[in-house]
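Chains, contacts and geometry: an overview
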2 protein chains.
Amino acid sequence: MSEAANPAGDDPEAYGRLALTVDVVLIGLRGTRPAALLLRRSEPPQVGLWSLPGGFVRIDETIDAAAGRVLREKAGLTGLHLEQLYTFGALDRDPRMRIVSVAYLALLPERAFADAARNGAGLLSAIIDVPWAGEAGGPVVLHPPEGSPEPGPLPLAFDHADILALAMLRLRGKLDYSAVGFALLPERFTLRQLQDVHEAILGTPLNKPAFRRRMLDRGWLEPTGEREAGTSFRPPELYRFRNTR
Amino acid sequence: MSEAANPAGDDPEAYGRLALTVDVVLIGLRGTRPAALLLRRSEPPQVGLWSLPGGFVRIDETIDAAAGRVLREKAGLTGLHLEQLYTFGALDRDPRMRIVSVAYLALLPERAFADAARNGAGLLSAIIDVPWAGEAGGPVVLHPPEGSPEPGPLPLAFDHADILALAMLRLRGKLDYSAVGFALLPERFTLRQLQDVHEAILGTPLNKPAFRRRMLDRGWLEPTGEREAGTSFRPPELYRFRNTR
DNA sequence: GGAATAGTGTCTTTGAGACATTATGGT
DNA sequence: ACCATAATGTCTCAAAGACACTATTCC
């Protein structure tokens, strides 16, 4: 901020205590559907509801670093696509105290997603159902994975449903002008897998030839010359994401 | 955030003191070029550099409300397009203390922009030159208005050049899939004015028939039936922005 | 050879750019 | 009548959708 006066002079303490946290939306794919990793709250408030992993921002770390730390501590993951989403600052978003939270989006390739769901301290994966035909991006509905004890849609704590909805919207919006799609795939992948990722996030089927043309014309894809093994049909070529820049 | 443990329990004070502010990028048009409203710093640190108007977020107001208050107190403006941009949290962005700042973008129609430049406490308008051919959006250069004492590019304080550059980038990105362009125009305007706005922000000339087709097909424009007065040629029709939703 | 999916060729449709032409108010 | 700009018609071109067809591997 940029007061002409010294901000240490007009004392910020006069404004009262305010805490800053980060909340991280971990998104990956469960087969052909988008999924998120969540924690089930075991303490009040909002016991039993599901929430995003998060933590306080320390005085000696950047907010980006805090998000990275949460990802490491809560999910045991590192080196992933991590981007800032939006900052949520409603007065009553947490009943305990005034908390402003910077939301982040983390994208997990299938392998990391499965690892985190297995090893992460209490992280559970839930299918994300986004019944959104229009641009608005309606309320997000979470379904527990197959064979889970809880049947219905999972209720989210605090304003985390808003955060998750925004994450999906952002993801959808950036999908075809940026390289986010690759962050959900392993290092080598087929064009069909890439198209599956796009279809899962957009929630709509895509035209195959047009999709191939677009992707190949982007110049982001590098053929490896190898082909996928273990198929009972013509094995597709494996591509690699070429990081221009 | 969403600790299973109570966040009041694992004490945020253990993490040290951290201040939260908002900084507002006020953007308008100076004739046919984008311009920003800035303050000249008169106290250390960074005396003489130019900065964005900003202020602390109070314990009892949302961050959106804080941005609105800054706009009102510093520029005497209200009821404008105001949207959150990004949150900046580098450790050394302010030498006095650890400050995390939520940046906002405010769009001013020509009239409000001129009023604020005249009446706002010390606000000065500067032409924004964005030498950005590619998507990256290079460093922003600020030129003082015509006939100003200072000649060269204006230096910005703290990380405000980054914030301004991001604001321009966001504006450019949202220009043709959202209605932000109208926020820089008066209530009634001609298609030529709208095209001028787009050209100023994109920094490139546009094709007239194509632009008209696109805008009219969007369904956002409502002809008023009136025409601009005082022209020495065929007077253009005035349109109004139709707020669907 | 059959099954199944990979990968491509081509026609059509849509939307944008280019450019010229017509329209209209003031002087 | 002339000027200046508004507003539109039309041709071309680029990109996407639709759909059919060929290619390749395993069995």
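Residues numbered from 1 in each chain as written. Chains lettered and ligands numbered in written order. Predicted model: local features only at pLDDT ≥ 70, side-chain atom pairs only at ≥ 80, totals over all residues.

Under an unreviewed UniProt entry, chain A has the name 8-oxo-dGTP diphosphatase and belongs to Methylorubrum rhodinum.

By size, the foremost hydrophobic cluster in this structure holds 134 residues, and its most contacted members are Val25(A) and Val25(B). Val25(A) has contacts with Ala36(A), Leu52(A), Ala103(A), Tyr104(A), Leu105(A), Ala106(A), Ile163(A), Leu164(A) and Ala167(A), leaving out every residue within four places of it along the chain. (Core = buried A, V, L, I, M, F, W, Y, C linked by C-beta atoms within 7 Å. Buried ≥ 20, exposed ≤ 12 C-beta atoms within 10 Å, placed from the backbone. Contact = placed C-beta atoms within 7 Å.)

Attention shifts here to helix H3 (residues 160-174) of chain B. Taking 1.5 Å as the rise per residue, H3(B) with 15 residues should run 21 Å; its terminal C-alpha atoms sit 21 Å apart, in good agreement. Within the span of H3(B), buried status applies to His160(B), Ile163(B), Leu164(B), Ala165(B), Ala167(B), Met168(B) and Leu171(B). (Helix = DSSP H or I, 4+ residues; strand = E, 2+ residues; numbered from the N terminus. Expected span 1.5 Å × (residues − 1).)

Residue and element names in this part refer to chain A. You can read the domains of chain A as domain 1 (12-174) and domain 2 (181-241). Distance between the C-alpha centres of domain 1 and domain 2: 28 Å. Put simply, the parts of the chain that give the side of domain 1 that touches domain 2 at least two residues each are strand S1 (19-30), strand S2 (33-40), helix H2 (110-119) and helix H3 (160-174). The class makeup of the residues in the side of domain 1 that touches domain 2 is six nonpolar, three polar and four charged. (Domains from an automatic or database assignment. Nonpolar A, V, L, I, M, F, W, Y, C, P; charged D, E, K, R; others polar.)

What follows covers the protein's contact with DNA strand D. Among the 19 residues in the neighbourhood of DNA strand D, the closest are listed as Ala210(A), Arg234(A), Phe233(B), Pro236(B) and Glu237(B). Those elements that place two or more of their residues in the surface near DNA strand D are helix H5 (208-218) of chain A together with helix H4 (191-202) and helix H5 (208-218) of chain B. In terms of residue count, H5(A) provides more of the surface near DNA strand D than any other element does, four residues in total. Looking at the surface near DNA strand D, its residues break down into eight nonpolar, three polar and eight charged. (Near = placed C-beta within 6 Å.)

It is worth spelling out the pairing of strand S11 (residues 237-241) of chain A at this point. All names here are of chain A. In this structure, strand S9 (residues 188-189) lies alongside S11, joined through two bridges in antiparallel fashion. From the neighbouring strand, Phe-189 faces S11, where its bridge partner is Tyr-239. Summarising the sheet, strand S10 (residues 221-227) and S11 pair through four bridges and their orientation is antiparallel. Note on S11: the bridge partner recorded for Leu-221 is Phe-241. (Pairing = 2+ DSSP bridges.)

Looking now at the protein's contact with DNA strand C. As a structural note, the neighbourhood of DNA strand C is formed by 19 residues, with Phe233(A), Pro236(A), Glu237(A), Ala210(B) and Arg234(B) the closest of them. Counting only elements with at least two residues in the surface near DNA strand C, the list comes to helix H4 (191-202) and H5 of chain A together with H5 of chain B. Here the surface near DNA strand C gets four residues from one element, more than from any other, and that element is H5(B). The residue inventory of the surface near DNA strand C, partitioned by class, reads eight nonpolar, three polar and eight charged.

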